[in-house]
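# Fold and contact review
These are the residues of each chain, in order.
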Amino acid sequence: MEYRNKLVLAPMVRVGTLPFRLLAAQYGADITYCEEIIDHKMLKCERRINELIGSTDFVEKGTNNVVFRTCDEEKDRVVFQIGTSDAVRALTTAQLVCNDVAAVDINMGCPKSFSVSGGMGAALLSKPELIHDILTTLKRNLNTPVTCKIRLLKSPHDTVELARRIEKTGVSALAVHGRKVPDRPRDPAKWNEIADVVSALSIPVIENGDVFENDDVERIKSATGASSVMVARGALWNASMFSPEGKVSYEAVKREYIRKCILWDNDIKSTKHTLKEMIIHYSCLELPEGKAVIKSESMADLALVKAISIQLNLIFPPPSSRLKPKSLNSHS
Ligand code: FNR
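Residues numbered from 1 in each chain as written. Predicted model: local features only at pLDDT ≥ 70, side-chain atom pairs only at ≥ 80, totals over all residues. Heavy atoms only, no water.

Looking now at the pattern of salt bridges. Enumeration according to the criterion identifies 18 salt bridges in this entry. D39 is the partner of R89 in a salt bridge, and the nearest nitrogen-oxygen pair spans 2.9 Å. In this pair, R89 is assigned in helix 3 (residues 87–97) and D39 in helix 2 (residues 39–42), connecting sequence segments 50 residues apart. D39 gets classed as buried once you look at its relative accessible area, which sits at 0%. Salt-bridge contacts for R48 lead to E46; the nearest nitrogen and oxygen are separated by 3.0 Å. Taking relative accessible area as the criterion, R48 reaches 29% and is therefore assigned partly exposed. The class for E46 is partly exposed, based on a relative accessible area of 30%. Where salt bridges share partners, they join R179, D210 and R233 into one cluster. (Salt bridge = Lys/Arg side-chain N within 4 Å of Asp/Glu carboxyl O. Helix = DSSP H or I, 4+ residues; strand = E, 2+ residues; numbered from the N terminus. Buried < 20%, exposed > 50% of the residue type's maximum accessible area, 1.4 Å probe, protein only.)

Structural data, given as C-alpha coordinates:
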(Lines give C-alpha, C1' and ligand atoms only; values in the text may rest on other atoms or scores of the structure.)
Protein backbone atom coordinates (compact mmCIF):
# COMPACT_ATOMS: atom_id res chain seq x y z
CA MET A 1 0.00 0.00 0.00
CA GLU A 2 1.50 3.31 -1.11
CA TYR A 3 0.42 6.35 0.94
CA ARG A 4 2.09 9.12 -1.04
CA ASN A 5 0.23 11.31 -3.54
CA LYS A 6 -3.11 9.73 -2.83
CA LEU A 7 -6.65 11.04 -2.67
CA VAL A 8 -8.33 9.39 0.27
CA LEU A 9 -11.98 8.92 1.16
CA ALA A 10 -12.24 9.53 4.93
CA PRO A 11 -13.94 7.08 7.29
CA MET A 12 -17.57 8.10 7.83
CA VAL A 13 -20.01 6.23 10.06
CA ARG A 14 -23.20 5.20 8.23
CA VAL A 15 -21.78 6.58 4.97
CA GLY A 16 -18.62 4.63 4.14
CA THR A 17 -20.26 1.31 3.22
CA LEU A 18 -19.34 -0.60 0.05
CA PRO A 19 -21.48 1.36 -2.48
CA PHE A 20 -20.18 4.72 -1.27
CA ARG A 21 -16.57 3.51 -1.31
CA LEU A 22 -16.99 2.22 -4.87
CA LEU A 23 -18.63 5.51 -5.83
CA ALA A 24 -15.69 7.52 -4.49
CA ALA A 25 -13.22 5.22 -6.24
CA GLN A 26 -15.12 5.52 -9.53
CA TYR A 27 -14.62 9.29 -9.40
CA GLY A 28 -10.94 9.05 -8.49
CA ALA A 29 -10.36 8.23 -4.80
CA ASP A 30 -7.23 6.07 -4.53
CA ILE A 31 -7.76 4.84 -0.97
CA THR A 32 -11.19 4.36 0.61
CA TYR A 33 -11.75 3.94 4.35
CA CYS A 34 -14.78 2.06 5.63
CA GLU A 35 -16.89 3.54 8.38
CA GLU A 36 -15.47 2.94 11.86
CA ILE A 37 -16.47 -0.51 13.10
CA ILE A 38 -16.29 -1.19 16.83
CA ASP A 39 -14.18 -4.23 17.79
CA HIS A 40 -16.88 -5.71 20.08
CA LYS A 41 -19.33 -5.73 17.16
CA MET A 42 -16.89 -7.27 14.71
CA LEU A 43 -15.92 -9.98 17.17
CA LYS A 44 -19.48 -11.31 17.02
CA CYS A 45 -19.16 -11.81 13.24
CA GLU A 46 -18.32 -14.65 10.90
CA ARG A 47 -17.01 -14.34 7.35
CA ARG A 48 -19.42 -15.42 4.61
CA ILE A 49 -19.10 -15.34 0.84
CA ASN A 50 -22.24 -13.90 -0.69
CA GLU A 51 -22.45 -15.72 -4.04
CA LEU A 52 -25.59 -13.86 -5.04
CA ILE A 53 -24.01 -10.43 -5.28
CA GLY A 54 -20.33 -11.39 -5.29
CA SER A 55 -19.37 -9.82 -1.97
CA THR A 56 -17.47 -10.94 1.12
CA ASP A 57 -19.58 -10.28 4.17
CA PHE A 58 -18.86 -10.18 7.89
CA VAL A 59 -22.18 -11.08 9.43
CA GLU A 60 -23.25 -11.17 13.07
CA LYS A 61 -23.45 -14.88 13.96
CA GLY A 62 -26.96 -16.28 14.08
CA THR A 63 -28.37 -13.28 12.18
CA ASN A 64 -28.29 -11.78 8.70
CA ASN A 65 -26.95 -8.51 10.03
CA VAL A 66 -24.06 -7.48 7.75
CA VAL A 67 -21.52 -5.50 9.76
CA PHE A 68 -18.92 -5.15 6.99
CA ARG A 69 -19.31 -5.89 3.28
CA THR A 70 -16.46 -5.75 0.78
CA CYS A 71 -15.59 -7.18 -2.64
CA ASP A 72 -12.51 -8.16 -4.66
CA GLU A 73 -12.61 -4.97 -6.69
CA GLU A 74 -11.68 -2.82 -3.69
CA LYS A 75 -9.28 -5.22 -2.00
CA ASP A 76 -6.19 -3.17 -2.87
CA ARG A 77 -7.54 0.15 -1.61
CA VAL A 78 -10.04 -0.41 1.21
CA VAL A 79 -8.91 0.46 4.72
CA PHE A 80 -10.74 -1.15 7.60
CA GLN A 81 -11.08 1.31 10.49
CA ILE A 82 -11.42 -0.13 13.99
CA GLY A 83 -12.89 1.55 17.05
CA THR A 84 -11.08 0.03 20.02
CA SER A 85 -9.63 0.59 23.47
CA ASP A 86 -7.76 -2.68 23.76
CA ALA A 87 -4.78 -4.20 21.92
CA VAL A 88 -5.95 -7.83 22.00
CA ARG A 89 -9.46 -7.00 20.80
CA ALA A 90 -8.02 -4.77 18.08
CA LEU A 91 -5.71 -7.56 16.91
CA THR A 92 -8.43 -10.24 16.94
CA THR A 93 -10.67 -7.90 14.92
CA ALA A 94 -7.89 -7.08 12.46
CA GLN A 95 -7.07 -10.79 12.03
CA LEU A 96 -10.67 -11.46 11.01
CA VAL A 97 -10.51 -9.07 8.05
CA CYS A 98 -6.85 -8.58 7.20
CA ASN A 99 -6.86 -10.92 4.19
CA ASP A 100 -9.78 -9.07 2.63
CA VAL A 101 -8.56 -5.47 3.00
CA ALA A 102 -5.56 -3.35 2.04
CA ALA A 103 -4.82 -1.94 5.51
CA VAL A 104 -6.21 -1.49 9.00
CA ASP A 105 -6.56 1.83 10.78
CA ILE A 106 -7.28 2.72 14.40
CA ASN A 107 -9.67 5.60 15.08
CA MET A 108 -8.03 7.92 17.61
CA GLY A 109 -10.04 11.03 16.89
CA CYS A 110 -13.76 10.46 17.41
CA PRO A 111 -14.97 12.92 20.08
CA LYS A 112 -18.51 11.48 20.39
CA SER A 113 -19.48 10.45 23.92
CA PHE A 114 -20.23 6.88 22.79
CA SER A 115 -16.58 6.47 21.74
CA VAL A 116 -14.92 8.45 24.47
CA SER A 117 -16.93 6.86 27.30
CA GLY A 118 -15.81 3.45 26.00
CA GLY A 119 -12.17 4.58 26.05
CA MET A 120 -12.08 4.65 22.23
CA GLY A 121 -11.56 7.39 19.62
CA ALA A 122 -10.28 10.66 21.07
CA ALA A 123 -10.01 9.05 24.54
CA LEU A 124 -6.87 7.31 23.26
CA LEU A 125 -5.13 10.63 22.58
CA SER A 126 -4.43 11.08 26.29
CA LYS A 127 -3.13 7.50 26.69
CA PRO A 128 0.12 7.25 24.71
CA GLU A 129 1.08 3.95 26.38
CA LEU A 130 -2.17 2.35 25.25
CA ILE A 131 -1.67 3.77 21.73
CA HIS A 132 1.80 2.22 21.72
CA ASP A 133 0.43 -1.10 22.98
CA ILE A 134 -2.33 -1.26 20.35
CA LEU A 135 -0.16 -0.24 17.40
CA THR A 136 2.86 -2.42 18.26
CA THR A 137 0.60 -5.43 18.88
CA LEU A 138 -0.94 -4.98 15.44
CA LYS A 139 2.42 -4.39 13.77
CA ARG A 140 4.04 -7.45 15.37
CA ASN A 141 1.25 -9.81 14.38
CA LEU A 142 -0.02 -8.63 10.99
CA ASN A 143 1.45 -8.49 7.51
CA THR A 144 -1.17 -5.90 6.57
CA PRO A 145 -0.18 -2.20 6.80
CA VAL A 146 -1.32 -0.48 10.00
CA THR A 147 -2.17 3.23 10.33
CA CYS A 148 -4.05 5.50 12.70
CA LYS A 149 -6.04 8.70 12.48
CA ILE A 150 -5.63 11.36 15.17
CA ARG A 151 -6.85 14.88 15.94
CA LEU A 152 -4.66 17.77 16.99
CA LEU A 153 -3.83 18.00 20.70
CA LYS A 154 -4.04 21.19 22.77
CA SER A 155 -0.63 22.50 21.71
CA PRO A 156 1.36 21.93 18.51
CA HIS A 157 4.22 20.63 20.68
CA ASP A 158 1.99 17.93 22.23
CA THR A 159 0.70 16.87 18.80
CA VAL A 160 4.21 16.55 17.42
CA GLU A 161 5.36 14.54 20.47
CA LEU A 162 2.46 12.13 20.08
CA ALA A 163 3.01 11.84 16.32
CA ARG A 164 6.68 10.98 16.93
CA ARG A 165 5.71 8.24 19.39
CA ILE A 166 3.24 6.88 16.88
CA GLU A 167 5.83 6.87 14.10
CA LYS A 168 8.16 4.79 16.31
CA THR A 169 5.58 1.98 16.46
CA GLY A 170 6.23 1.32 12.76
CA VAL A 171 2.90 2.45 11.31
CA SER A 172 2.83 2.96 7.56
CA ALA A 173 1.20 6.41 7.65
CA LEU A 174 -0.54 8.83 10.00
CA ALA A 175 -3.76 10.68 9.17
CA VAL A 176 -4.15 13.99 11.02
CA HIS A 177 -7.52 15.71 11.28
CA GLY A 178 -6.64 19.38 11.70
CA ARG A 179 -9.10 20.05 14.51
CA LYS A 180 -8.90 19.66 18.28
CA VAL A 181 -11.32 17.58 20.31
CA PRO A 182 -13.59 20.50 21.37
CA ASP A 183 -13.62 22.03 17.85
CA ARG A 184 -16.82 21.93 15.82
CA PRO A 185 -16.90 20.89 12.13
CA ARG A 186 -17.49 24.56 11.17
CA ASP A 187 -14.23 25.63 12.87
CA PRO A 188 -11.49 25.89 10.24
CA ALA A 189 -8.95 23.07 10.06
CA LYS A 190 -5.55 24.20 11.36
CA TRP A 191 -3.32 23.35 8.43
CA ASN A 192 -0.31 25.04 10.03
CA GLU A 193 -0.42 22.55 12.92
CA ILE A 194 -0.56 19.67 10.45
CA ALA A 195 2.51 21.17 8.77
CA ASP A 196 4.37 20.93 12.13
CA VAL A 197 3.64 17.19 12.23
CA VAL A 198 4.73 16.72 8.62
CA SER A 199 8.08 18.43 9.31
CA ALA A 200 8.74 16.22 12.33
CA LEU A 201 8.02 12.82 10.69
CA SER A 202 9.47 10.71 7.89
CA ILE A 203 6.40 8.52 7.30
CA PRO A 204 3.63 9.82 5.01
CA VAL A 205 1.19 12.16 6.73
CA ILE A 206 -2.35 12.29 5.37
CA GLU A 207 -3.90 15.74 5.76
CA ASN A 208 -7.57 15.78 6.75
CA GLY A 209 -9.89 18.76 7.11
CA ASP A 210 -11.69 21.26 4.88
CA VAL A 211 -10.88 19.84 1.46
CA PHE A 212 -14.01 20.44 -0.59
CA GLU A 213 -12.85 20.86 -4.19
CA ASN A 214 -10.36 18.97 -6.30
CA ASP A 215 -8.59 22.30 -6.85
CA ASP A 216 -7.96 22.52 -3.08
CA VAL A 217 -5.80 19.40 -3.09
CA GLU A 218 -2.48 20.71 -4.42
CA ARG A 219 -2.85 24.00 -2.52
CA ILE A 220 -3.37 22.17 0.77
CA LYS A 221 -0.60 19.71 0.08
CA SER A 222 1.84 22.55 -0.48
CA ALA A 223 0.55 24.49 2.55
CA THR A 224 1.04 21.49 4.85
CA GLY A 225 3.70 19.43 3.07
CA ALA A 226 1.41 16.43 3.56
CA SER A 227 1.88 13.41 1.31
CA SER A 228 -1.80 12.82 0.75
CA VAL A 229 -5.18 14.38 1.37
CA MET A 230 -8.26 12.81 3.00
CA VAL A 231 -11.79 14.10 2.37
CA ALA A 232 -14.98 13.51 4.39
CA ARG A 233 -17.81 16.07 3.97
CA GLY A 234 -16.71 17.27 0.53
CA ALA A 235 -17.02 13.68 -0.71
CA LEU A 236 -20.27 13.01 1.12
CA TRP A 237 -21.89 16.00 -0.56
CA ASN A 238 -20.53 15.25 -4.02
CA ALA A 239 -18.22 12.26 -4.44
CA SER A 240 -17.20 13.48 -7.89
CA MET A 241 -15.00 16.06 -6.14
CA PHE A 242 -12.30 13.37 -6.42
CA SER A 243 -12.35 13.70 -10.20
CA PRO A 244 -9.52 15.77 -11.69
CA GLU A 245 -11.89 16.59 -14.56
CA GLY A 246 -14.16 18.52 -12.22
CA LYS A 247 -17.41 17.77 -10.44
CA VAL A 248 -20.45 16.34 -12.17
CA SER A 249 -23.93 17.33 -10.99
CA TYR A 250 -25.03 16.14 -7.57
CA GLU A 251 -28.10 14.58 -9.22
CA ALA A 252 -25.87 12.35 -11.34
CA VAL A 253 -23.80 11.34 -8.32
CA LYS A 254 -26.93 10.59 -6.28
CA ARG A 255 -28.33 8.47 -9.10
CA GLU A 256 -25.10 6.46 -9.34
CA TYR A 257 -25.00 6.03 -5.56
CA ILE A 258 -28.54 4.61 -5.50
CA ARG A 259 -27.75 2.30 -8.40
CA LYS A 260 -24.78 0.92 -6.47
CA CYS A 261 -26.83 0.60 -3.27
CA ILE A 262 -29.36 -1.52 -5.13
CA LEU A 263 -26.73 -3.68 -6.80
CA TRP A 264 -24.89 -4.29 -3.56
CA ASP A 265 -28.02 -4.67 -1.42
CA ASN A 266 -26.90 -1.88 0.90
CA ASP A 267 -28.40 -1.46 4.34
CA ILE A 268 -31.46 0.81 4.09
CA LYS A 269 -30.51 2.88 7.18
CA SER A 270 -27.09 3.71 5.80
CA THR A 271 -28.51 4.44 2.34
CA LYS A 272 -31.17 6.79 3.74
CA HIS A 273 -28.70 8.54 6.02
CA THR A 274 -26.29 9.19 3.16
CA LEU A 275 -29.03 10.33 0.78
CA LYS A 276 -30.46 12.67 3.42
CA GLU A 277 -27.03 14.26 3.92
CA MET A 278 -26.73 14.80 0.15
CA ILE A 279 -30.25 16.20 -0.16
CA ILE A 280 -29.89 18.54 2.86
CA HIS A 281 -26.72 20.00 1.40
CA TYR A 282 -28.10 20.73 -2.06
CA SER A 283 -31.84 20.88 -1.61
CA CYS A 284 -34.31 20.40 1.23
CA LEU A 285 -35.81 17.42 3.03
CA GLU A 286 -39.23 19.15 3.04
CA LEU A 287 -39.60 18.72 -0.73
CA PRO A 288 -41.39 15.57 -2.03
CA GLU A 289 -38.17 13.68 -2.76
CA GLY A 290 -36.79 14.30 0.75
CA LYS A 291 -40.07 13.35 2.41
CA ALA A 292 -40.32 10.14 0.39
CA VAL A 293 -36.74 9.17 1.25
CA ILE A 294 -37.52 9.67 4.95
CA LYS A 295 -40.59 7.43 4.65
CA SER A 296 -38.84 4.59 2.77
CA GLU A 297 -38.46 1.42 4.77
CA SER A 298 -36.62 -0.71 2.22
CA MET A 299 -34.40 -0.39 -0.84
CA ALA A 300 -37.44 -1.29 -2.94
CA ASP A 301 -39.38 1.66 -1.43
CA LEU A 302 -36.44 3.93 -2.18
CA ALA A 303 -36.11 2.84 -5.79
CA LEU A 304 -39.77 3.64 -6.26
CA VAL A 305 -39.57 7.17 -4.86
CA LYS A 306 -40.88 9.10 -7.85
CA ALA A 307 -38.05 11.57 -8.19
CA ILE A 308 -35.50 8.81 -7.77
CA SER A 309 -37.06 6.26 -10.10
CA ILE A 310 -37.39 8.89 -12.81
CA GLN A 311 -33.73 9.75 -12.40
CA LEU A 312 -32.72 6.12 -12.26
CA ASN A 313 -34.76 5.50 -15.35
CA LEU A 314 -35.17 2.08 -13.90
CA ILE A 315 -38.20 0.11 -12.91
CA PHE A 316 -37.17 -2.51 -10.38
CA PRO A 317 -36.48 -5.61 -12.45
CA PRO A 318 -38.25 -8.79 -11.37
CA PRO A 319 -36.34 -10.56 -8.58
CA SER A 320 -35.30 -13.49 -10.81
CA SER A 321 -33.31 -11.28 -13.20
CA ARG A 322 -32.18 -8.93 -10.44
CA LEU A 323 -30.53 -11.66 -8.42
CA LYS A 324 -28.51 -13.30 -11.19
CA PRO A 325 -24.94 -11.99 -10.84
CA LYS A 326 -24.46 -12.18 -14.62
CA SER A 327 -27.22 -9.62 -15.10
CA LEU A 328 -25.17 -7.04 -13.22
CA ASN A 329 -23.42 -5.55 -16.20
CA SER A 330 -21.50 -2.77 -14.59
CA HIS A 331 -21.12 -4.08 -11.08
CA SER A 332 -19.16 -1.30 -9.54
C1 FNR B 1 -16.94 11.46 10.30
N2 FNR B 1 -15.64 11.32 10.82
C3 FNR B 1 -15.18 10.08 11.19
N4 FNR B 1 -13.87 9.91 11.55
C5 FNR B 1 -13.37 8.68 11.81
O6 FNR B 1 -12.17 8.55 12.09
N7 FNR B 1 -14.19 7.59 11.77
C8 FNR B 1 -15.51 7.68 11.45
O9 FNR B 1 -16.21 6.65 11.37
C10 FNR B 1 -16.05 8.97 11.18
N11 FNR B 1 -17.39 9.15 10.87
C12 FNR B 1 -17.82 10.36 10.34
C13 FNR B 1 -19.11 10.46 9.81
C14 FNR B 1 -19.50 11.64 9.17
C15 FNR B 1 -20.88 11.72 8.56
C16 FNR B 1 -18.61 12.74 9.11
C17 FNR B 1 -19.02 14.04 8.44
C18 FNR B 1 -17.37 12.66 9.68
C19 FNR B 1 -14.69 12.45 10.73
C20 FNR B 1 -14.12 12.53 9.32
O21 FNR B 1 -13.45 11.35 8.93
C22 FNR B 1 -13.16 13.72 9.18
O23 FNR B 1 -12.11 13.56 10.07
C24 FNR B 1 -13.82 15.09 9.46
O25 FNR B 1 -15.13 15.17 8.92
C26 FNR B 1 -12.98 16.22 8.87
O27 FNR B 1 -12.86 16.10 7.46
P28 FNR B 1 -13.68 17.09 6.46
O29 FNR B 1 -15.14 16.82 6.69
O30 FNR B 1 -13.33 18.50 6.87
O31 FNR B 1 -13.20 16.69 5.10
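Right, picking up where we left off after that structure.
For the ligand, the set of nearby residues contains 16 residues, the closest of which are Q81, K149, N208, D210 and R233. Separating an oxygen atom of the ligand from a side-chain N or O atom of H177 is a distance of 3.3 Å. Between the ligand and the protein, one listed contact pairs an oxygen atom with a backbone N or O atom of D210 at 2.8 Å. Contact with the protein chains covers 84% of the free accessible surface of the ligand, which is 600 Å². Of the residues contributing to the shell around the ligand, the split by class is six nonpolar, five polar and five charged. (Near = heavy atom within 4 Å. Polar contact = N/O pair within 3.5 Å; in protein donor to acceptor, adjacent residues only side chain to side chain. Areas by Shrake-Rupley, 256 points an atom, 1.4 Å probe, with all protein chains shown as cover. Nonpolar A, V, L, I, M, F, W, Y, C, P; charged D, E, K, R; others polar.)

Looking at the assigned domains, one finds that the chain contains domain 1 (7–242) and domain 2 (250–327). Between domain 1 and domain 2, the C-alpha centre-to-centre distance is 27 Å. The junction of domain 1 with domain 2 conceals about 1,900 Å² of combined surface from both sides, 64% of it contributed by carbon and sulfur atoms. By the criterion of area lost to domain 2, the three top residues of domain 1 are R14, P19 and W237, representing 33% of everything that side buries. Our enumeration of links across domain 1 and domain 2 arrives at zero salt bridges. Where domain 1 touches domain 2, the interface holds seven residue pairs in polar contact (both at pLDDT 80 or more). If you list the elements that add at least two residues to the side of domain 1 that touches domain 2, you get helix 1 (18–27) and helix 9 (233–237). Considering each element in turn, the side of domain 1 that touches domain 2 owes the most residues, seven residues, to helix 1. Grouping the amino acids of the side of domain 1 that touches domain 2 by side-chain chemistry returns 14 nonpolar, six polar and three charged. (Domains from an automatic or database assignment. Buried area = accessible area lost by both parts, 1.4 Å probe.)

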